[in-house]
Each structure stands twice: as C-alpha cells, then as structure tokens.
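Reading the structure
These are the residues of each chain, in order.
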Amino acid sequence: MVDLSVDLGFLKLKNPVLTASGTFGYGLEFAPYLNLEKLGGFIVKGLYYGPREGNPPPRLVETPSGLINAIGLQGIGVEAFVAKILPKLKDLDTAVIVNVCGEAEEEYIRVVEFLNSHKGIAAFELNISCPNVRQGGACPALDPGTTFRLVKAVKRASRLPIITKLSPNVTSIAGIAAAAEEAGADAISLVNTFLAMSIDVETRRPKLANVFGGLSGPAIKPIALRMVYQVTSRVKVPVIGIGGISSGADALEFLLAGARAVEVGTANFVDPDASLRIIREIGEFCELHSIQRVEDLIGKLETNTNAIKKVTKYERH
Amino acid sequence: MMRAEKDNFFIAPGPGFWYFSRGPETAMMKDPEARIANVERWGNYRLFSIETPEVAGRARPGQFLMIKVSSQLDPLLRRPISIHARENGRVEIFFQVAGRGTEILAGKEAGDTLDIIGPLGKGFSLDERLKGMRVLCVGGGRGIAPIYFLAKELCAIGALPVVLYGGKTAADIPLRAKFEEAGLPVLCSTDNGSFGFMGFVTGLAAREIEAHPPAFLFACGPDAMMKTAARLSGERNVPAEFSLESRMGCGIGACWGCVKRIRREGQEGWVKICEEGPVFPHDEIVWPEED
C-alpha cells in the first residue's frame, strides 16, 4: 500500500492532489461525479467580500490544448458562501481551502477576517494573480514589493495558513516567490493563468469580450513546470504546482521538480473526475516502481548524467 | 483512455461504468462508452443514434450532453450538444459542423463509442395545462434539434404542437421528413424560398401567431431569431420559453463561462446557462443589443 499523504507543515493532505480555484466551483458542483473526500483537498472559487458580477461574455475561447478564460471572478461573496455552501463542506474529511480575492488590500483583509472564525476552512489561498479583473491584466503578483506588502498585511489578519498564488506573467518568478515567503506566506502555489488573447480573423475582433484572458490547460504545462522548479530552487516554504496537469505523470513531474502538492485545474472541465484518476495514476506509478511514500519523490529531480542513465534503466521494468 | 472511477460515491448496479447523483433534480451521469448505433448524414448535418440507456432514461427535452470529441488533449473541451430524441434506450443528437470539435464528431461512424456526460441542464416546461392547446415549436437551423424531442413529449401530454422549421435553403431543413413521419405537423421556411415559406422562420411564426394564436411558444435557434420570436410572443402575450446557446467550458456549472444576461425579480446578472438553462422563460432573458 502506497502512502500518498504529503505534509505541507501547516496542513497534512491525504494525497498531493488538490483542485484549483475557479475550476471546481464551490466543490458541491462536483459531488455527483466524485467523492470529494478522496481528494487531497479542494480550493473553492475565489471570493470577494460581496457578490461579484464578472465579465461580459464571450468569456471563453479554446486554443490548441488550452483554454483562455476571462470570467472575471464572478462569485457569491463571503456571506452567501458561509450561509449556503460552507455548512455542506465543513464536515468533509478533506482540506477545504478558500481562495481569497480583493479589489485592494482592505478587501482581502475583510474577507479573511470574516472567514477566520468559521470552522471547516483549512487554509486561505491568496489570489493576487487573476489577470481578468484589472485593466490590461494587472495584478498585485506582478511586482515583488506589492506582493510583499499584501501578503504581509493579510498574514497579519489571518488566523489560518496563507498560500500565496502567483502569476506567471513576470520576468523573475523566483523573485516574487521570495518576496511572498519573506512576507510570511506559509506556502506558494503557482502558476495562475498566462495572459493571452485570440482574434477572430473574419470579424477582426478579439474572441473574448475582455480582449485578454488567462491561458490554462496542457498547453502551459512545460512553462509552469519550469517556473515551479525555479521557485522550489529558491524558497523553503512548500510549493504547490499548478499548470495543465491532466495525468498522474504530469503531477509527478511537478512533484519531482519539488512541488509538495499539485492543483488540477482545466482538466476538471473535461472530466469532472479527472482529479481522482490522477490520484489513482500516481498510486499506480508508485506501486509499479516500489515507491512506498509519494513524499520520497518530492524534489527528486536528477540532473547529472549518470543518474539519468540509472533512471532510464529503472523505467524499463 | 478515460476509464470510470472505481471509487466513486454512487455506483449503479449492473454492467458498465455508471455513477449517479442522488436526487432526480441533478440526475446526470457519465457514460464513457456510449456506442453510436446509427449515423445519418446530410451535407454538414449529422444525426447520431447513441446507445446509452441510463442517460436516455433520464433525458428531458431541452437538456443537453457534453461530448468528448477526442481522447487526446486537442481539442481539449467537450462539446455541448442538445438531445434531439429518445427512443428505446437511445438518445439521438442532431448537429451541424460548426468548428473543429463538431467536425471531428461528424467523422464518427456507427460502432464508434463516445464519452458523454448528461443529461445536463434544465429543459423545456411540459405543463399539463397545455393539454388540448395549440403550441408553436420554432426551430432555426441546427436549433431544430431539441424541438423534435419537445414536440413528441408535448404530444404525449395531449398538447397540439405545430413545428415551424426554418433554414437558409432546402438543404438546411433535412429533418422535415422525420417530423412528417412522426406525424408532427411541420411548416417550413427557407431564407431563399427554395422550400416552403420564403423568409425567416420568425416571419412564418408571425403569420401563424396572427392566424391562430397559440397557448405557448417554444423556440431554439440563433440569438437573432429568438430575439425576434421573443418580440412576437411579447406583442401577442403568448408565454414562451427559449433555449439559449453559448460556448461552454464544462457544462456542469464549474467554469462560469457560458453565462447569459438574465433578469429575475428586477435583478439582472450573468447566469450560467448550463446549470440554470439552457431553457429560460421569455420574461427572464435580456437580449443583447444589436452590434
């Protein structure tokens, strides 16, 4: 029996697979398709303090092996979440993480202060990286100084651990991650979506009403993986890898690159039970290779030539 | 290749990989190996008959399926396809090639299997009070798809549906014979007059509403067509329901991608049509301005 559990220090997960915010509704949408308690955890859709209208449609465009979205964080707000959703989630035997949004620092703090006292939330994921809610794709995670100030302020207000979710739309991802760590983030998750666009050549119009959107899906996986590796090489806090994960092998790449857990996102749209298949495939891989604990794979990327030979041989059986 | 999860909550007895939600309100499921039993082709239109008894058993007119067109990563997303008919453990889908996804789907043959999720969404209201009443069912282009299922179910409750079927040309109304064979009264229109009434199907609808005001109007088609139909039903005080179309990411309410403008109790907002639609009453839809 493979031990799939991973320890984030502040939170023990029964397996390394979480579902990414914005791709898993408030969790309950998926109850018809999978047992939520089989997940390492799930991260509910980003919450502002109040309800949020979101962007006008079209909000989606499919691109090769990818999806550009400009939803604009439509959501019900914290009060409705606590009244209608949380009571149905709080007794689940899995980690329920709330993705926290804000127009400005005060709103992030209001959200965290409102949710602090409610039972059933394992941690906050600080969304400082949505590209669809400010002009031109701007967000706090584009700048280390802004990231530092915001994480510090929210960390001070929060009674729960803070996972800071980073944007890939930066020159030096490791620098931003270091700023978040220094500000007191308990963990770092990356990447949010890549700022992108698509044009209809017939009408000469952008395919998204918002013009820009965020690219996700298998198309971004190699870039996300590189960024996760750069961040795990730089910071000491646990890192959660996100970006186009749609198979157990994809998840294992992120674990080998040093991520302690992963978030499955766009794959949930394609197969509502994709996360459970990914957990199963990770287990099958470990069994096949006689790995007793999935934690033994974390950060075990081999970069010297001799070791690469050994790995090739070991893959044969 | 996708396989069903062994460790899900709701495992149905019997063969195959099925799982259910608890209540009838959200009775949808995933069938990764629904077999295509029959394929009919007209130009870029296709009619598939798909063996999927559990999905068929739960299907209601106006609901849809999310169909995986490729087992690879591109195209990535499932395609929403409305349910056209239900018969003996099968559902039928009728669709038009409109892009890469439907093009791949159109290439499937009888004997191939499809990975489907469904039935999804809220369908048309089948109100017992329509018994003995004349009901107009308007379908434009591929929007005719759910109208067949709807008209059959309306007959089953004793209503008297009249189907108005519009297309660009005679080649765009391939299901006319099928409606006739099913004994459903069908009036056709073509934009160029190559068959039936010349003009838009809404012109035909205006004529019919004028001649014999119906008790109810149902419509599915392009937004512009339905907007006109909504104006007609409004002018004549004919209650109506419209099936909306949108790009969908997931079909299950998770992505917030498929929203349309809906007004309820004076409040307007973006509403997910996969979850709360795709069918909405006429007085809830805020039709987009022409652009």
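Residues numbered from 1 in each chain as written. Chains lettered and ligands numbered in written order. Predicted model: local features only at pLDDT ≥ 70, side-chain atom pairs only at ≥ 80, totals over all residues.

Let us now look at the sheet that holds strand β15 (residues 279–281) of chain B. All names here are of chain B. Here we have seven strands laid out as an open sheet, ordered β10-β9-β8-β7-β11-β12-β15, and mixed in their pairing. On the outer flanks of this sheet lie β10 (197–198) and β15, each paired with one strand and no other. Pairing geometry for strand β7 (residues 134–140) and strand β11 (residues 216–220), over five bridges, is parallel. Bridged to Val138 within β11 is Ala219. Packing against the sheet, helix α5 (residues 201–211) makes contact with β7, β8 (160–167), β9 (186–190) and β10, and its axis sits at approximately 150° to β8. (Pairing = 2+ DSSP bridges. Helix = DSSP H or I, 4+ residues; strand = E, 2+ residues; numbered from the N terminus. Contact = placed C-beta atoms within 7 Å. Axes fitted to C-alpha atoms, helices over the stretch in contact; angles between N-to-C directions.)

Moving on: the sheet that holds strand β3 (residues 64–68) of chain B. Hydrogen bonds between backbone atoms are what pair the strands of a sheet, whose relative direction is either parallel or antiparallel. Residues and elements named next belong to chain B. Read once around its circumference, the closed barrel built from six strands follows the order β1-β2-β5-β4-β3-β6, with strand pairing classed as antiparallel. Taking each pair of neighbouring strands and ignoring which way they run, the sheet shows an average axis angle of 45°. When strand β1 (residues 29–42) meets strand β6 (residues 113–120), the two strands line up antiparallel, connected through five bridges. Note that in β6 the partner of Arg35 across the bridge is Thr113. Contacts between helix α3 (residues 145–156) and the sheet are confined to β4 (79–87) and β5 (90–96), with β4 contributing the most and set at about 30° to the helix.

In this section: unusual backbone geometry. Residue and element names in this part refer to chain B. Of note, the amide linkage connecting Asp74 to Pro75 takes the cis form, showing an omega dihedral of -5°. Note that Pro75 resides in the loop between β3 and β4. The step from Gly118 to Pro119 runs through a cis peptide bond, and the omega angle for that step is -10°. Take Pro119: it is sitting in strand β6.

This paragraph deals with the interface of chain B and chain A. Listed per partner, the contact involves 28 residues of chain B and 34 residues of chain A. Its residues assigned to classes, the side of chain B that touches chain A comprises 14 nonpolar, eight polar and six charged. (Nonpolar A, V, L, I, M, F, W, Y, C, P; charged D, E, K, R; others polar.)

All names here are of chain B. Under the domain assignment used here, chain B contains domain 1 (24–120) and domain 2 (128–243). Once you take the C-alpha centre of each, domain 1 and domain 2 turn out to be 23 Å apart. Each partner contributes to the interface: domain 1 provides 13 residues, whereas domain 2 provides twelve residues. Among the elements of the structure, β4 and β5 are those that each provide at least two residues to the side of domain 1 that touches domain 2. For the side of domain 1 that touches domain 2, the class distribution of residues is seven nonpolar, five polar and one charged. (Domains from an automatic or database assignment.)

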